[in-house]
Amino acid sequence: MKLSTRGRYGLRAMIDLAIHDEGEYVSLGSIAQRQRISLNYLEHSFAALKHAGLVRGMSGSQGGYRLAAPANAVSIRQVLEVLEGDLSIVGPGQGKEESPYARVVRRLVWDRMDEEMDGVLSGLTLEDLAQEFARLQKRVDK
């Protein structure tokens, strides 16, 4: 599976939002500037994230976005599923029409890859990535 720029950029923007969400709404313009991502591009991604209930938006001069739940309650899987859709390596098998070889490969390779990927993406939260960014930033600032 290869993630699109929508998934990669959207995840970066959500980490940025987690870092800068201090009780105030964060403007997409500020996220776009820090992440060097097109504002128009982010608007489309955040519309989907808002529709999915991962962020809250507010219009106006003090508007922007906030996480709808604490950063430690938002998994990377949730974000990527909204932005990318199905995260499976391959689609579902064809049942009886699927050859025995294809069933073996699906069960021993594709399904196991999906399980491993699910474990990683479900086990990491926005807070985990935000904390890692802060840790790395401290090392750079020294």
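Everything here concerns the structure above.
Visitor: Looking at this model, I keep getting lost on unusual backbone geometry. Mind explaining?
Guide: Glycine aside, the phi torsion of most residues is negative, and most peptide linkages are trans. Even without being a glycine, Arg36 presents a positive backbone phi close to 55°. Among the secondary structure elements, Arg36 is positioned in the loop between helix 2 (28-35) and helix 3 (39-51).

Visitor: Would you mind showing me how to read the packing of helix 1 (residues 5-20) against helix 2 here?
Guide: The N-to-C vectors of helix 1 and helix 2 enclose an angle of 115°; their axes lie 10 Å apart at closest approach. Pair helix 1 / helix 2 crosses with right-handed handedness. Along its contact with helix 1, which presents Arg12, Ala13, Asp16, Leu17 and His20, the element helix 2 presents Ile31, Arg34 and Gln35. Broken down by class, the residue content of the contact of helix 1 with helix 2 amounts to three nonpolar, two polar and three charged.

Visitor: Which parts of the structure should I look at to understand the packing of aromatic side chains?
Guide: The geometry of an aromatic ring pair comes down to the distance between the two centres and the angle between the two planes. As enumerated under the stated definition, the model contains two aromatic pairs in all. Arranged with centres 5.7 Å apart and planes meeting at 70°, the rings of Tyr9 and Tyr41 form a pair that is edge-to-face. Separated by 32 residues along the polypeptide, Tyr9 in helix 1 and Tyr41 in helix 3 bring together distant segments of the chain. Its relative accessible area of 29% is what places Tyr41 among the partly exposed residues. Note that Arg66 overlies the ring of Tyr25, its terminal NZ or CZ placed 5.7 Å from the centroid.

Visitor: Please explain the environment of Gly57 as it appears in this structure.
Guide: Residue position: Gly57 is located in strand 1 (residues 55-58). Gly57 sits in the partly exposed class, given a relative accessible area of 30%. Along the backbone, Gly57 and Ala68 are 11 residues apart, and their C-alpha atoms lie at a distance of 9.1 Å. Setting aside residues no more than four positions away along its own chain, Gly57 makes contact with Tyr25, Lys50, Gly64 and Tyr65.

Visitor: Before we go on, may I ask you to explain the pattern of salt bridges in this structure?
Guide: When the charged atoms of two side chains with opposite charge come close together, those side chains can pair. Evaluation of the coordinates by the stated rule reveals six salt bridges. Taking the shortest distance from any N to any O, the salt bridge between Asp118 and Arg77 comes out at 2.9 Å. Note that Asp118 is positioned in helix 5 (residues 100-123) and Arg77 in helix 4 (residues 76-84), a separation of 41 residues in sequence. Note on Asp118: relative accessible area 30%, which makes it partly exposed. Within the structure, one salt-bridge network assembled from shared partners comprises Arg77, Glu81 and Asp118.

Visitor: It is not clear to me how the nonpolar core should be interpreted in this structure. Could you clarify?
Guide: Buried together is how nonpolar side chains tend to be arranged in soluble globular proteins. Met14, Leu17, Phe46, Val79 and Leu126 are the most contacted members of the largest nonpolar core, which has 28 residues in total. Put simply, the parts of the chain that give this core at least two residues each are helix 1, helix 2, helix 3, strand 2 (64-67), helix 4 and helix 5. If near-sequence neighbours (up to four positions away) are discounted, Met14 is found in contact with Phe46, Leu49, Leu54, Val55, Leu67, Val79 and Leu126.

About the criteria used
Residues numbered from 1 in each chain as written. Predicted model: local features only at pLDDT ≥ 70, side-chain atom pairs only at ≥ 80, totals over all residues. Heavy atoms only, no water. Helix = DSSP H or I, 4+ residues; strand = E, 2+ residues; numbered from the N terminus. Axes fitted to C-alpha atoms, helices over the stretch in contact; angles between N-to-C directions. Left-handed = near helix turned anticlockwise from the far one by under 90°. Contact = heavy atoms within 4.5 Å. Nonpolar A, V, L, I, M, F, W, Y, C, P; charged D, E, K, R; others polar. Phe/Tyr/Trp six-rings, centres within 6.5 Å; stacked < 30°, edge-to-face > 60°. Buried < 20%, exposed > 50% of the residue type's maximum accessible area, 1.4 Å probe, protein only. Lys NZ or Arg CZ within 6 Å of the ring centre and 35° of its normal. Salt bridge = Lys/Arg side-chain N within 4 Å of Asp/Glu carboxyl O. Core = buried A, V, L, I, M, F, W, Y, C linked by side-chain atoms within 4.5 Å.

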